[in-house]
Amino acid sequence: NGLKFFTKYGGLEKSDVDELIELAKEEAYHWYDMGIVPPSSGNAGVLCSELVDFMPHYKNTLKNAIFREVGTASSTPLAGLKIVVNPGNGAGFFFNELLRDLGADV
């Protein structure tokens, strides 16, 4: 149960996890400045006081990464590709939809 972080050198120490928390806080502030995260309910960090749907931002980020890496102006850069998705925990719909939007046969 919970998250366990490992690298090829072993598990993360408390100081590593503390650093990840600080990095996540910095990123949350950045998202707040972009208008993605709602105002904080406290000043120690960005503590969301309402439900935030990150999926549209996540989907757009993935799409932009695919467009950038494929290097095409086509709106369907994955056209002609057959992609098999074997996701866990119900993520299939999200990835199927994203890949189909980009032209893949999923």
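Keep in mind that this is a model prediction, so the values were computed, not measured. (Residues numbered from 1 in each chain as written. Predicted model: local features only at pLDDT ≥ 70, side-chain atom pairs only at ≥ 80, totals over all residues. Heavy atoms only, no water.)

A.B. asks: Let's hear about the nonpolar core: which residues, and what values?
C.D. replies: Counting residues in hydrophobic clusters, the biggest one holds five residues: Leu78, Leu98, Leu99, Leu102 and Ala104. Once residues lying within four places of it in the same chain are set aside, the contact partners of Leu102 are Lys63, Ile66, Phe67, Ser75, Thr76, Pro77, Leu78 and Ala79. (Core = buried A, V, L, I, M, F, W, Y, C linked by side-chain atoms within 4.5 Å. Buried < 20%, exposed > 50% of the residue type's maximum accessible area, 1.4 Å probe, protein only. Contact = heavy atoms within 4.5 Å.)

A.B. asks: Lay out the environment of Val85 in plain terms, naming residues and giving numbers.
C.D. replies: Relative to the helices and strands, Val85 resides in the loop between helix H2 (55–70) and helix H3 (92–101). What makes Val85 partly exposed here is its relative accessible area of 26%. Along the sequence, Val85 and Val106 sit 21 residues apart, while their C-alpha atoms lie 7.1 Å from each other. Sequence-distant contacts of Val85, defined by excluding residues within four places in its chain, comprise Phe95, Asn96, Leu99 and Val106. (Helix = DSSP H or I, 4+ residues; strand = E, 2+ residues; numbered from the N terminus.)

A.B. asks: Help me get a handle on helix H1 (residues 14–33), residues and values and all.
C.D. replies: Residues spaced three or four apart along an α-helix face the same direction, because each turn holds 3.6 residues. Over its 20 residues, H1 runs 29 Å from end to end, which matches the ideal 28 Å to within 8%, given 1.5 Å per residue. Positive backbone phi, at 85°, marks Gly35, one or two positions downstream of H1. (Expected span 1.5 Å × (residues − 1).)

A.B. asks: Lay out the environment of Leu99 in plain terms, naming residues and giving numbers.
C.D. replies: With respect to the secondary-structure elements, Leu99 resides in helix H3. For the pair Leu99 and Leu62, spaced 37 residues apart in sequence, the C-alpha separation works out to 9.9 Å. Not counting chain neighbours up to four residues away, the residues in contact with Leu99 comprise Leu78, Ile83, Val85, Ala104 and Val106.

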